[in-house]
Amino acid sequence: MLKGSLVLSILLLFAGFTGFAQGLGTAGSVSGIVTDPNGAVVAGATVTLSNALTGYSQTITSDTGGAYRFDNVPPNAYSLRVVASGFRTNVLAVSVRSTVPMNLPVSLALANATATVDVTPNATIVENIPTTHTDIDQSQIRRLPLNSSGNGLSDVVSMTSPGVVPDSNGFFHPLGDHAQTQFSIDGQPISDQQSKAFSTQIPVNAIQSLEVITGSTPAEFGDKTSLVISAVTKSGLNQRRPTGSFFSSVGNFGTYKEEADLAAGNAKAGNFIAFNFDRSNRFLDAPEFVSLHNNGNSFSIFDRVDYSPTVNDTFHLNFFVARNKFEIANTYDQSALGQDQRQRVASLNIAPGYVHIFNQSTVLSINPFYRVDNVNYYPSADPFSDQTTTISQQRRLANYGVRGDVSYARGPHNIKVGGQVQWTALKEAFNFGITDPGFNPLCFDGNGDPVPGTICGDGTTPNPDYLPGLLSYDLTRGGQLFGFNGSRTIKQQAVYAQDSISFKNGLTASLGVRFDNYDGIAKGSSVQPRLGVSYRIAATNTVLRASYTRNFETPYNENLLLSNATGSNGLGNGVLGDATTATLKPGNRDQYNFGIQQGVGQLIVLDVDYFNKKTNNAYDFNAILNTPITFPISWQQSRIHGVSARINLTNWNGVSAFFTAGHTVAKFFPPETGGLFFNSDLPTGPFLIDHDQKFQQTMQVQYSFDSLKDFSRFRPFIAFTWKYDSGLVAGSVPDFATALGLSADEQQQIGLFCGNVFATISSPITTCSSADRGALRVRIPADGTANEVTNPARIAPRNLFDLSFGSDNLNRSDRVKLSARVTIVNLTNKQALYNFDSTFSGTHFVTPRSIQAQFGVSF
């Protein structure tokens, strides 16, 4: 704890010295001087930096010295367009791939000159790099139908990134894995889970752009790399005319949202701040199609200030504070009992930094960080309103450390060498007790009903599944609450080196190596080579790529101590029956990617990627009894392979579109090798895990009426989104006989039917002789055909449609613009499940039809 306090003190001292906030992180800069044919400077030239695929576009005017500068430029390929009166337009290709500043002088030919303009029309359509990734700009984010309270960033990623499968409550599964995702927010690494039940998320109105990496991960990223989300936030630098917006939304389920942001600054200092609040009576994805006991709200403030005392030095700091407070959604049975469980998640993030430019080739970046999540889970006031157990939890996760690197770009080389050291301080407290006398009875009476108390009398039958270790914690039989308390600090260190080499013949090679050391409950280290190549065929505008990466995987931190606890303080000592605890160890992954990117003119880009991953010590989650308290486990091995694809249509007469798709096979192999596991439930052979899905796709088509003369000043638009998911594995109902043993509530959740009879909350189906039987929302294998690899039970396929339309400039103003928008999510009110009786998250329905109206002002 002393070490943590020392680091925090250093961070606060550093923040006080700079007096300003957040970092440039992975963003770069583009600057230069505009001149005429004689070398004289051209003042007042209009300079635009843009990317047709992502929609990124920034425009500035050269100053009296002819100078222009774009700061906080996300890594990508761009077109730089320079226009000045009396001169011919010049368009240059720009590729920003590091923090090393790019100096790009621009010479303009006279309007009547015969010299040709330097134009590279296809330069920004395809990217000649080995990394498989998706770029998303704020202009695209604004048009997405985001509807998840407190989890907008997760919705953005799952809708726009191929191979990412959406799950309940803002959770998603990246390329067949459970959640091996790392966020990099302006260079700050965050590898802990970010769904609303575990933490809070940076709001989407604070983000300028995202780069979502799924293959050939650079060596600078480690720990959890199945998906890397590199975010560049908005900045106030060079915002001489303040910009900002305020939006207010209302909708069904008692939903309302308030969003505001403001950016202002000059070449030396800038500040950006974003405020967000939302409330809903359907805060979580519910276990029923209706929303019961599901009120919640979230609040966040994000602030970024940059300060550049000289052209070569920049101080910065990210400040983020957020809170989620919500009820735990009930089933019909839980509501009837008056269950009133709640949760609160509070987060604080401070990330100062320093960037120094030695010269036009070399840049130093230093980023300390401190982040803390406090999670509190509250039981009902009456413990017997919680069935079948009452639980409470207090969990604290504090992550602090420093990351630093030196970037060097010269000639064909783009080199980065750096390191990272961090500590993660964990504190966990957990209590539970049995509140249902029928959950673990000692015996049954003659009618098969559980016998209360601790004595079995005459005429009773012993319960063959009785767990004696639970008796001490059975509140219906005089027991007391089980209590767990633990604390531990996880230490991690890493060093890395990488070089991206661009050859003149169209070949690009990415070479890297990373070393990680993990010192937690278990210890481990690994050297990880990262190799990738890409080749651009200029004649056809095609890029071919291939890569190999080795990744060092570390255990999840959420409830890590509980999962590894042994002895009298743990759950693996007979409390839960035949359960065992083994220490969760780090794992290693070998990953191969092969892809192609094809540009069609200047309008369309097709990207297809094949991935193959083999992991030793593959991580997953399990749950304690029937509670929402989850904990990490590991399996001996996983083998995951699949295909992801994305098609982008750039703006064509007002029409733009994107299509993403993915196919994944996620096969896991027992035995369990770490965490708390129940020996009676272990599979005997390979199985498809419950984040395996055969196919999913998202397509969005937008039409902007800007090209129509009568409408262009209003900037009206319409967007249609189609999402299809073939269904995750649902292994808890392998056959119809198992479904007959479910409760009435569980049967109606999956839409169980026998002939023309459907299960209801008051009338379960206990027998069925009809050949016409099944479930509407789960695909149950035919009798005798279930197989955990070739034919597991799955959630039923679903098609969801969203529609949004509105105007970005109702008052036809060039300065202050009024806007209005209507968003309809699940247009057809489809009743469908994300999951059913999942070992990680239970049962959740997708959002019923949701209609929201938004009004706002921007300037």
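Everything below is about the structure printed above this text.
This one's a predicted model, so the numbers in the text were calculated from it and none came from an experiment.

The rules we used
- Residues numbered from 1 in each chain as written.
- Predicted model: local features only at pLDDT ≥ 70, side-chain atom pairs only at ≥ 80, totals over all residues.
- Heavy atoms only, no water.
- Pairing = 2+ DSSP bridges.
- Helix = DSSP H or I, 4+ residues; strand = E, 2+ residues; numbered from the N terminus.
- 1 Å grid on protein atoms, 1.4 Å probe; cavity = no way out; pocket = protein on both sides within 12 Å on 5 of 7 lines; lining within 4 Å.
- Points joined across faces, edges and corners; volume = space filled by probe spheres on them.
- Nonpolar A, V, L, I, M, F, W, Y, C, P; charged D, E, K, R; others polar.
- Axes fitted to C-alpha atoms, helices over the stretch in contact; angles between N-to-C directions.
- Buried < 20%, exposed > 50% of the residue type's maximum accessible area, 1.4 Å probe, protein only.
- Patch = residues over 30% accessible without salt bridge, like charges linked within 9 Å, V, L, I, M, F, W, Y side chains within 5 Å.
- Areas by Shrake-Rupley, 256 points an atom, 1.4 Å probe, with all protein chains shown as cover.
- Salt bridge = Lys/Arg side-chain N within 4 Å of Asp/Glu carboxyl O.
- Core = buried A, V, L, I, M, F, W, Y, C linked by side-chain atoms within 4.5 Å.
- Disulfide = S-S within 2.5 Å.

A.B. asks: How should the sheet that holds strand E39 (residues 752–754) be read in this particular structure?
C.D. replies: Strand-to-strand pairing in sheets goes through backbone hydrogen bonds, with the strands running parallel or antiparallel. Read from one edge of the open sheet, three strands run E40-E39-E41, paired in antiparallel fashion. The strands lining the two open edges of the sheet, one partner per strand, are strand E40 (757–758) and strand E41 (773–775). Bridging between E39 and E40 involves two bridges; their strand directions are antiparallel. Paired with cysteine 754 across the two strands is valine 757, which belongs to E40.

A.B. asks: What exactly am I supposed to notice about empty space enclosed by the protein here?
C.D. replies: Using a probe with the size of a water molecule, rolled over the atoms, empty space left in the structure can be pinpointed. For the coordinates displayed, the defined rule picks out 10 cavities of 30 Å³ or more. There is about 610 Å³ of room inside the largest cavity. Only helix H3 (152–160), strand E10 (164–166), strand E35 (655–678), strand E37 (696–704), strand E38 (716–725), strand E44 (798–807) and strand E48 (850–858) provide two or more residues apiece to the lining of the largest cavity. Top element by residues in the lining of the largest cavity is H3. It accounts for four residues. When its residues are assigned to classes, the lining of the largest cavity shows 15 nonpolar, 18 polar and nine charged. Of the pockets and cavities examined, the second largest cavity occupies roughly 300 Å³. Listing elements by their share of the lining of the second largest cavity, those giving two or more residues are strand E9 (132–137), strand E33 (604–623) and strand E34 (630–652). For the lining of the second largest cavity, the residue count by class is six nonpolar, 12 polar and five charged.

A.B. asks: Got a minute to help me understand the sheet that holds strand E5 (residues 76–83) in this structure?
C.D. replies: The strand order across the open sheet formed by four strands is E3-E2-E5-E6, and the pairing between neighbours is antiparallel. The open sheet is flanked by strand E3 (57–61) and strand E6 (90–96), the only strands paired with a single partner. If you compare each strand with its neighbour and ignore which way they point, the axes differ by 20° on average. Where strand E2 (residues 46–50) and E5 come together, five bridges link them in antiparallel fashion. By the bridge assignment, serine 50 is partnered in E5 with serine 79.

A.B. asks: Is there a simple way to explain the pairing of E9 in this structure?
C.D. replies: Strand residues, when the strand is regular, have side chains that alternate between the two faces of the sheet. For E9, the tally of buried residues reaches six of six residues, placing the bulk of the element in the interior. In this sheet, strand E14 (residues 207–215) lies alongside E9 in antiparallel orientation, the contact comprising six bridges. Within E14, the residue paired with threonine 132 across the bridge is glycine 215.

A.B. asks: Help me understand a nonpolar patch on the surface in this model?
C.D. replies: A surface patch of nonpolar side chains, about 320 Å² in accessible area, is lined by Leu262, Ile273, Val816 and Phe859. With respect to the helices, strands and loops of the structure, isoleucine 273 is situated in strand E18 (residues 269–280).

A.B. asks: Just to check I follow, could you spell out the nonpolar core for this structure?
C.D. replies: Among soluble globular proteins, nonpolar side chains are generally buried collectively. One finds Phe430, Phe432, Leu571 and Phe668 to be the most contacted residues of the largest nonpolar core, which totals 46 residues. Listed by contribution, the elements that provide at least two residues to this core are strand E23 (389–410), strand E24 (413–434), strand E27 (482–502), helix H5 (560–564), E33, E34 and E35.

A.B. asks: What exactly am I supposed to notice about the state of the cysteines here?
C.D. replies: Should the sulfur atoms of two cysteines be covalently bonded, the bond is a disulfide. By the definition in use, this model includes two disulfides. At a sulfur-sulfur separation of 2.1 Å, the disulfide partner of cysteine 443 is cysteine 456. The chirality of the disulfide connecting cysteine 443 with cysteine 456 is left-handed, given an S-S dihedral of about -110°. Of this pair, cysteine 443 sits in strand E25 (residues 443–444) while cysteine 456 sits in the loop between E25 and strand E26 (461–462), and the two are 13 residues apart along the sequence. For cysteine 443, a relative accessible area of 1% gives the class buried. Taking relative accessible area as the criterion, cysteine 456 reaches 36% and is therefore assigned partly exposed. Here cysteine 754 pairs with cysteine 768 through a disulfide, and the sulfurs are 2.1 Å apart. In this structure the cystine formed by cysteine 754 and cysteine 768 twists about its S-S bond by roughly 90°; its chirality is therefore right-handed.

A.B. asks: Quick question: what am I supposed to make of unusual backbone geometry here?
C.D. replies: With the exception of glycine, the majority of residues adopt a negative phi angle, and the majority of peptide bonds are in the trans configuration. In this structure, the amide linkage connecting glutamine 387 to the following residue, threonine 388, adopts the cis form with an omega of 5°. By the secondary structure assignment, threonine 388 is in the loop between strand E22 (362–378) and E23. With an omega dihedral of 10°, the bond running from proline 670 to proline 671 counts as a cis peptide bond. In the Ramachandran plot, aspartate 223 falls in the positive-phi region, its phi being about 80° despite a non-glycine side chain. Its place among the elements puts aspartate 223 in the loop between E14 and strand E15 (227–233).

A.B. asks: Looking at this structure, how should I read the pairing of E38?
C.D. replies: Alignment of E37 against E38, held across nine bridges, turns out to be antiparallel. Directly across from serine 704, in E38, lies its bridge partner phenylalanine 717. Pairing analysis gives 10 bridges linking E38 to E44, with the strands arranged antiparallel. Each bridged residue has a counterpart across the sheet, and for phenylalanine 720 the counterpart in E44 is leucine 803.

A.B. asks: Would you explain the pattern of salt bridges in this entry?
C.D. replies: Two side chains of opposite charge can pair, provided their charged atoms sit close to one another. All chains considered together, the criterion is met by 25 salt bridges. Notably, a salt bridge pairs arginine 514 with aspartate 516, separated by 2.6 Å at the nearest N-O pair. Each member of the pair, arginine 514 together with aspartate 516, is buried. A salt bridge links aspartate 802 to lysine 723, with the nearest nitrogen and oxygen atoms 3.0 Å apart.

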